[in-house]
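# Observations on chain architecture
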Amino acid sequence: MKKSHLRILEDEAIYVLREVAAQFERPAMLFSGGKDSICMAWLARKAFYPGKIPFPLLHVDTGHNFKETLDYRDSFVKEIGAQLIVRTVQDSIDSGRVVEETGPRASRNGLQTVTLLDALSEFKFNCAMGGARRDEEKARAKERFFSFRDAFGQWDPKNQRPELWNLFNAQHNMGEHFRVFPISNWTELDVWQYIAIEEIPMPSLYFSHKRDIVMRDGVPLAYIPEILTLLPEEKVENKMVRCRTIGDITCTGLTFSEAQSIEDIVMEVASTRTTERGGRADDKRSEAAMEDRKKQGYF
């Protein structure tokens, strides 16, 4: 019987996850509570069943996450029986490792790079898996499944190892590490279709709900007074919105939507002509914003 394309993608991702477990002594899986990291953790549970997931989940908390995301994170990790490690940007600020941005457009999103690199060093992780996909953004389209990082955590897009016939070279020197992307070949639509057939429970943020928002640079942002400072010309409105991608509140653009179910979301994603990161304010800081952050060690 011919496999569906989703089961082929699932097999590929599970193969990559098992390769990580086989080749790295101290891997970790980045987990944000977003749909891609949820799928990746779900795949990890399937890859090593009936045993436990053989590596911890690592969450870098900016301190400006949606409460719904954190509540979901804790319940989901408990459900799948995984180990969770949390490191916070606030601790990096308090220790003087980073300086918090100021002004109404300030964001902690870029600061999490230092927190992540410090966590990798603290636990001596030599591999960090992430849910990035090639269809998300042009810089991420340049990544390999196994993406080498130097001793400073930096990525050189012009100096990557070839990957022929799914043969992955994980050799590295002390202090170097790899980023691995098991669902690189998936699309946003693939992710939601997989969520549908696997019946994976999802955070409420992904479904249409009423929320106070502010329009900034043509993008609706969630208005939470203690996190987002209004500009003089801005006003708060209550609208039906949902998240397509979940991250730091200050840069996570919302989508006007009536999608109340996974099936509604699948239909919406299938018909949209806007990428899911089209509303991410952090990607709009420059033409090469994502690539610049990745070269510094961002995921």
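Look up a bit, the structure's there.
For clarity, every value in this text was computed on a predicted model and none was experimentally measured.

## A word on the sheet that holds strand β7 (residues 209–216)
- Judged by pairing direction, the sheet is antiparallel, and its 4 strands sit side by side in the order β8-β7-β9-β10 without closing on themselves. Bordering the open sheet on either side are β8 (219–222) and β10 (254–256), each of which pairs with just one other strand. Looking at each pair of strands side by side, their axes are set apart by 70 degrees on average, direction ignored.
- Sheet topology note: the strand β9 (residues 237–243)/β10 ladder contains 3 bridges and is antiparallel. Note that in β10 the partner of Val241 across the bridge is Phe256.

## A closer look at the packing of aromatic side chains
- Using the criterion set out here, one finds 9 aromatic pairs in the structure.
- Ring centres of Phe48 and Phe55 lie 5.9 Å apart, and the angle between their planes is 85 degrees; this geometry places the pair in the edge-to-face category. This pair shows no difference in class: Phe48 is buried, exactly as Phe55 is.
- Clustering of aromatic rings is evident, with ring pairs tying together Phe24, Phe146 and Phe178.
- For the cation-ring pair, Arg45 lies above Trp42, with the distance from its terminal atom to the ring centre recorded as 4.7 Å.

## Quick look at the sheet that holds strand β6 (residues 177–180)
- Spatially, β3-β2-β1-β4-β6-β5 is the arrangement adopted by the 6 strands of the open sheet, whose pairing is mixed. Bordering the open sheet on either side are β3 (84–88) and β5 (146–149), each of which pairs with just one other strand. The sheet shows a mean angle of 30 degrees between the axes of neighbouring strands, direction not considered.
- As paired strands, strand β2 (residues 57–61) and β3 are joined by 5 bridges and run parallel to one another. Bridge pairing in β3 places Leu58 opposite Ile85.
- The strands touched by helix α1 (residues 5–23) are β1 (27–30), β4 (127–129), β5 and β6; relative to β5, the strand with the most contacts, the crossing angle is about 40 degrees.

## With respect to the pairing of β8
- The alternating pattern of β8 places Val219 and Leu221 and Pro220 and Ala222 on opposite faces, both of which are buried.
- Between β7 and β8, which follow one another and run antiparallel, lie 2 residues, and Asp217 among them has a positive phi close to 55 degrees.

## Some thoughts on the pattern of salt bridges
- Under the counting rule described, the total for this entry stands at 17 salt bridges.
- Between Glu198 and Lys46 there is a salt bridge, and its shortest N-O distance comes to 3.3 Å. Here Glu198 is found in helix α6 (residues 188–198), whereas its partner Lys46 is found in helix α2 (residues 35–48), with 152 residues between them in sequence.
- Taking relative accessible area as the criterion, Glu198 reaches 15% and is therefore assigned buried.
- Since its relative accessible area comes to 33%, Lys46 is described here as partly exposed.
- The residue Glu100 makes a salt bridge to Arg108 at a minimum N-O spacing of 2.6 Å.
- The class of Arg108 is buried, set by a relative accessible area of 7%.
- One continuous salt-bridge network, built from bridges that share partners, spans Arg7, Glu10, Lys46 and Glu198.

## Quick notes on the nonpolar core
- Judged by nonpolar contacts, the single largest core of 59 residues is most densely connected at Leu17, Met29, Met129, Phe146, Val180, Trp192 and Met202.
- For this core, the elements supplying multiple residues, two or more each, are α1, α2, α3 (67–80), β4, β6, α6, β9 and α7 (262–271).
- Per-element accounting of this core gives the leading share, 9 residues, to α2.
- Not counting the four nearest positions on each side in its chain, Trp192 is found in contact with Lys35, Met202, Tyr206, Ile262, Ile265, Val266 and Val269.

Criteria and thresholds
Along each chain, the written sequence defines residue order, and numbers are assigned to residues from 1. Only residues with pLDDT of at least 70 get local features here, since the model is predicted, and only at 80 or more are side-chain atom pairs given and counted; chain-wide, interface and lining totals rely on the full set of residues. Water and hydrogen atoms play no part in the side-chain values, which are based on all heavy atoms of the structure. The pairing criterion for strands is at least two bridges between them, as found by DSSP. Put simply, DSSP marks the helices as runs of H or I at least four residues long and the strands as runs of E at least two long, and each gets a number from the N terminus on. Lines fitted to C-alpha atoms define the axes here, with helix axes fitted over just the stretch in contact, and angles between the N-to-C directions of these axes take values from 0 to 180 degrees. Ring pairs are drawn from Phe, Tyr and Trp, using the six-membered ring of Trp, whenever the two centres fall within 6.5 Å, and their geometry is named by plane angle: stacked under 30 degrees, edge-to-face over 60, tilted for the rest. Throughout this description, buried means an accessible area under 20% of the type-specific maximum (1.4 Å probe, protein chains only), exposed means over 50%, and partly exposed covers the range between. Placement of a positive charge over a ring is assigned whenever Lys NZ or Arg CZ falls within 6 Å of the ring centre and within 35 degrees of the normal to the ring plane. Contacts were defined at the residue level, with two residues in contact if any of their heavy atoms lie within 4.5 Å. Any Lys or Arg side-chain nitrogen located within 4 Å of an Asp or Glu carboxyl oxygen qualifies as a salt bridge. To form a nonpolar core, buried Ala, Val, Leu, Ile, Met, Phe, Trp, Tyr and Cys residues must be joined to one another through side-chain atoms within 4.5 Å.

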